[in-house]
Amino acid sequence: MPTPHISAAPGDFAEVILMPGDPLRARYIAQRFLQDAREVTSVRNMFGYTGSYQGRRLSVMGHGMGIPSLSIYTTELIREYGVRVILRVGSCGALRQDVKLRDIIVATAAGTDSNVNRMRLGGHDFPAVADFMLARQAVEAAEKRGRPVRVGSVFTSDLFYAPEGEVAKNAVYARMGMLAVEMEVAGLYGVAAEFGARALGLLTVSDHILTHESLSAADRQTTFDEMIELALDVAAAQ
Ligand SMILES: O=P(O)(O)O[C@H]1O[C@H](CO)[C@@H](O)[C@H]1O
Ligand SMILES: O=c1cc[nH]c(=O)[nH]1
């Protein structure tokens, strides 16, 4: 049944879905990589498509920016549409000099300044970790394609434009081993845990917090093919 945020009919989504924040990146992925892609939802222009990739039924849909938006779409996809595997394909800002623009990150875990996972766990800390098999398959797919990836934790921030005190914390996140900052992965892992799905965040570095290099909005929409191909390899293996 349609939800307040998704107009698709029952069965319209595949069990495996790729999710970028940007709905236009979702459209790009559907048009470029899926066979027989069909738009299944467009409420609020948060486009979703279902088609196939290498013979496997597959969906792609935007999840918007920030944990609250992602949580709405992923909860409804899992609970109402039977989605079982969610692969976020996002952008992020590098926190360390050894992480470069356009590097691909397999986000095995995420710290966060958001309170949502504590709300899920009675006020306690939640281990926001990726599904191990999905992470392993992503790393294996990268090795097979001869494509280097960074594997490690990221920081999921509620604020894109952080006040000075919060910006200063970027150095702490880096010191604590985090590779990059973005805005959804910790929330995705919390939703997946609560509703029994499996999830992985793959990220491409679009900005550098230390060097201030950055990609354009157009680049973020259409030039993440190397990461998307890895996500498709993982999706095809489910
Ligand atoms: O490019 P996406 O997937 O949207 O990811 C990153 O970009 C947005 C901020 O510009 C946030 O959603 C952040 O997580
Ligand atoms: O959340 C994000 C996404 C991309 N780049 C950043 O600096 N932050």
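The protein chain is annotated in an unreviewed UniProt entry as Uridine phosphorylase from Cystobacter ferrugineus. Recorded in UniProt under Catalytic activity (unreviewed entry), the annotation for the protein chain is "uridine + phosphate = alpha-D-ribose 1-phosphate + uracil". According to the UniProt record, the Sequence similarities (unreviewed entry) comment for the protein chain reads "Belongs to the PNP/UDP phosphorylase family."

Q: Please clarify how the site of ligand 2 should be interpreted in this entry.
A: Near ligand 2, the surroundings consist of S91, C92, G93, F160, V181, E182, M183, S206 and D207. At the level of elements, β5 (85-94), β8 (180-182) and β9 (198-208) are the ones that each hand at least two residues to the shell around ligand 2. When residues of the shell around ligand 2 are assigned to their parent elements, the largest contribution, three residues, is made by β5.

Q: Explanation requested: the pairing of strand β4 (residues 56-61) in the structure shown.
A: Within a regular beta strand, the side chains point alternately toward one face of the sheet and then the other, so they alternate between its two faces. Pairing of strand β1 (residues 16-19) with β4 involves two bridges; the strand directions are parallel. When the bridges of β4 are listed, I17 appears paired with S59. Examined bridge by bridge, strand β3 (residues 48-53) and β4 share six bridges and lie antiparallel to one another. For Y49, the partnering residue across the bridge sits in β4 and is V60. Between β3 and β4, which pair antiparallel one after the other, the connecting turn spans two residues, and Q54 there sits at a positive phi close to 50°.

Q: Whenever I open this one, the site of ligand 1 confuses me. Can you help?
A: Near ligand 1 you find P20, G21, D22, M65, G90, S91, F160, E182, M183, E184 and R220, and these make up its full shell. Looking at the shell around ligand 1 residue by residue, the class counts come to four nonpolar, three polar and four charged.

Q: Could you clarify how one ought to interpret unusual backbone geometry in this entry?
A: Residues other than glycine seldom take positive phi values, yet D36 does so here, at roughly 50°. You can see D36 is positioned in strand β2 (residues 35-41). Its 9 C-beta neighbours within 10 Å are what place D36 among the exposed residues. In this structure, R44 takes a positive phi of about 55° despite not being glycine. Its place among the elements puts R44 in the loop between β2 and β3.

Q: Would you explain helix α6 (residues 185-195) in this entry?
A: Three- or four-residue spacings in an α-helix give side chains the same orientation, since the helix completes a turn every 3.6 residues. Along α6, eight of the eleven residues are buried, which leaves the element largely enclosed by surrounding structure. For α6, the set of buried residues is V185, A186, G187, L188, Y189, G190, V191 and A192. Just beyond α6, the residue with positive phi is G196, at close to 75°.

Q: What is the right way to read the UniProt feature "domain: Nucleoside phosphorylase" (unreviewed entry) in the protein chain from this model?
A: Mapped onto this structure's residue numbering, the UniProt feature "domain: Nucleoside phosphorylase" (unreviewed entry) falls at residues 16-232. End C-alpha to end C-alpha, residues 16-232 measures 10 Å, and it is 38% helix and 29% strand.

Q: How should the packing of helix α2 (residues 67-81) against α6 be read in this particular structure?
A: Packed helices, taken two at a time, are described by the angle their axes make and the gap between the axes. At a minimum axis distance of 9 Å, the contact between α2 and α6 shows a crossing angle of 30°. By the angle between their axes, α2 is roughly parallel relative to α6. As for the relative orientation of α2 and α6, their crossing is right-handed in sense. Residues I67, L70, S71, T74, T75, I78 and R79 of α2 form the contact with α6, whose own contacting residues are G187, L188, V191 and F195.

Conventions used here
Residues numbered from 1 in each chain as written. Chains lettered and ligands numbered in written order. Predicted model: local features only at pLDDT ≥ 70, side-chain atom pairs only at ≥ 80, totals over all residues. UniProt positions renumbered as here; feature names shortened; annotations may be inferred. Near = placed C-beta within 6 Å. Helix = DSSP H or I, 4+ residues; strand = E, 2+ residues; numbered from the N terminus. Pairing = 2+ DSSP bridges. Nonpolar A, V, L, I, M, F, W, Y, C, P; charged D, E, K, R; others polar. Buried ≥ 20, exposed ≤ 12 C-beta atoms within 10 Å, placed from the backbone. Axes fitted to C-alpha atoms, helices over the stretch in contact; angles between N-to-C directions. Parallel < 35°, antiparallel > 145°, perpendicular 65-115°, else oblique. Left-handed = near helix turned anticlockwise from the far one by under 90°. Contact = placed C-beta atoms within 7 Å.

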